[in-house]
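# Architecture and fold: a report
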Amino acid sequence: MAQYRLSEYAHLFHRNGKNMLYHSLKMGTVHIGDCEIDMEKRGIDLEPGSEMYGILSDGGFICSHEDDEKLLQKCRSEIQEPYISTAYFFLTKNCNLACRYCFERQSEVKNSKAGIMSGETFDKGLDFFVRLINLDKKRFDERKSIIFYGGEPFHNKRVLYHAIERITAFIAEGILPERTKMLVVTNGTLLDDSDIAFIKKHDITLTFSLDGDREASVNRVFPDFKTLAWELATKNFRKCKEAGIDLNVACTLTPQTIARKSQVLDYFINTAGATNIGFNVIIDNDIIQLDNDYDNAAAEFVSSAYFELKRHGITENRTGRRLQVFDRKHPCLFDCNAAGGRQIAIAPDGAVGICHEHIMDKKHFITDICNEEFNPALSPEYKEWQKRSPLYMEECRKCPALGICGGGCVINTERKYGTIHKPDARFCKQTLSILENILLA
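Residues numbered from 1 in each chain as written. Predicted model: local features only at pLDDT ≥ 70, side-chain atom pairs only at ≥ 80, totals over all residues. Heavy atoms only, no water.

When helices and strands are tallied, the protein shows 14 helices and 16 strands. Rg of the C-alpha trace for the protein: 23 Å, near the compact-globule value of 22 Å for 441 residues, within the 12% margin. Taking all 441 residues of the protein together, 56% fall into the buried category. Restricting to contacts in the protein with at least 6 residues of sequence separation, those with at least 24 account for 73%. Across the protein, the 57 positively charged side chains and the 62 negatively charged ones have centroids separated by 2 Å. (Helix = DSSP H or I, 4+ residues; strand = E, 2+ residues; numbered from the N terminus. Rg over C-alpha atoms; globule rule 2.2 N^0.38 Å. Buried < 20%, exposed > 50% of the residue type's maximum accessible area, 1.4 Å probe, protein only. Contact = heavy atoms within 4.5 Å. Lys, Arg positive; Asp, Glu negative; His and termini not counted. Charge placed at Lys NZ, Arg CZ, Asp CG, Glu CD.)

Following this line, the structure appears as structure tokens:
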């Protein structure tokens, strides 16, 4: 019997009374029976040349420190230089709602004219995006996403329609790649029948902000702070579903939503008829106060809701992405397109930033649509965000969820720690909960 070094990426789990090792970068598992193991010293006792030795050696569970470093560097090498594949267009900062938890504070804009994008600004912004995606001709045909954001995009319907028609023409002419997808993030309250017909005609995906059943949706209100948006949003969601529009749901995990888990899931399954849902934790801010149990409650909600929704044929994006990474055995480098330097966000005035969540304070907005020399691959800011990955965070190296994580929300981290180069602690709990469900189910 000899003792061998366990990889620093090997983690011990107990499943059905048996010991199991999990490799956080290779995402492999091995049941090790009653092998003597010391996780503190990272040692395991094995017979040299035994079958178990071969299995653990081949799986990278026992290896040298140098082998661990080589594996980490190999995974880091997958991170490509900044290249833009996603564009957020803020057609307006204005919004017809005054949601109590809105991290962008759009409801405080008071419908300012300065917060509305003109058709001319959109055209220049689209040309700017086209120039950027042509900086690397080899990647031009990769999937591109154009997301209309706000405020409420349908608050600037004239430019929204113009933008969709112009992008459609660019795709037809080959100016934009055929695999260009348009999405509109909406609260769903301003849609009418003509909008639904237009959206369907142009094959647009709508992402509705819905927080569950009526009682869970008390934070989504009109500016009188009394009238709920729930009834109108639900009605329009169902009309879009009946029209055959591709629909997503963005559900913010408010304390009310978490407390009404069974009713919320029933609403999405049986009332709304959703097919694709993404659950989002509340971004840290001074608008809504969260108790100390919020992080754990949100993590439990997401990881357990996935299985309930799956039974009804509904995709839950956050857990689903983690499962896809686990199945592919290829580490998740980032959890959003801003991390990695892969997106631009264009403000109504033409300013260009990295993350769409900074539209109000313009932090990380570093250029504008008239800058014909701008290249993300040469930008110090974009190159910094390129390495915003758990693969570069020392705190993440010992975490079992290292390979499936992506690092969570950059802005949530920055607001809490003053730097983008730390993991999102709120998301950490969620990802660990998801991993445990994967491994121990």
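Text resumes after the structure shown.
In this section: the sheet that holds strand S14 (residues 343-346). Taken together, the ten strands give an open sheet; going across it, the order is S13-S12-S11-S10-S9-S8-S7-S14-S15-S16, and neighbouring strands pair in mixed fashion. Each of the sheet's edge strands pairs with one partner strand only, and the pair in question is strand S13 (315-316) and strand S16 (365-368). Of the pairings in the sheet, the one linking strand S9 (residues 180-186) to strand S10 (residues 205-209) comprises four bridges and is parallel in character. The partner of Leu-183 across the bridge, within S10, is Thr-205. (Pairing = 2+ DSSP bridges.)

The next thing to look at is the sheet that holds strand S4 (residues 29-31). Each strand in a sheet pairs with another by means of backbone hydrogen bonds, the pair being arranged parallel or else antiparallel. Ordered by their spatial adjacency, three strands build an open sheet running S2-S3-S4, and the pairing between neighbours is antiparallel. In this open sheet, the two strands that pair with only one neighbour each are strand S2 (10-15) and S4. This sheet shows a mean twist of 30° between the axes of neighbouring strands, independent of strand direction. Sheet topology places S2 next to strand S3 (residues 18-23); six bridges connect them, and they run antiparallel. Bridge pairing in S3 links Ala-10 to His-23. In the packing of helix H14 (residues 425-440) onto the sheet, contacts are made with S2, S3 and S4, and the angle to S2 comes to roughly 60°. (Axes fitted to C-alpha atoms, helices over the stretch in contact; angles between N-to-C directions.)

A word on the environment of Tyr-53. By secondary structure assignment, the location of Tyr-53 is in helix H1 (residues 51-58). What makes Tyr-53 partly exposed here is its relative accessible area of 27%. Put simply, Tyr-53 and Arg-76 are 23 residues apart on the chain and 28 Å apart in space, counted from C-alpha to C-alpha.

Moving on, we get to empty space enclosed by the protein. On inspection of all chains with the given rule, the structure shows two cavities of 30 Å³ or more. Volume-wise, the largest cavity comes out at about 50 Å³. Contributing to the lining of the largest cavity are Ser-209, Leu-210, Asp-211, Ser-217, Arg-220, Ala-229, Trp-230 and Ala-233. Taken together, the residues of the lining of the largest cavity sort by class into four nonpolar, two polar and two charged. (1 Å grid on protein atoms, 1.4 Å probe; cavity = no way out; pocket = protein on both sides within 12 Å on 5 of 7 lines; lining within 4 Å. Points joined across faces, edges and corners; volume = space filled by probe spheres on them. Nonpolar A, V, L, I, M, F, W, Y, C, P; charged D, E, K, R; others polar.)

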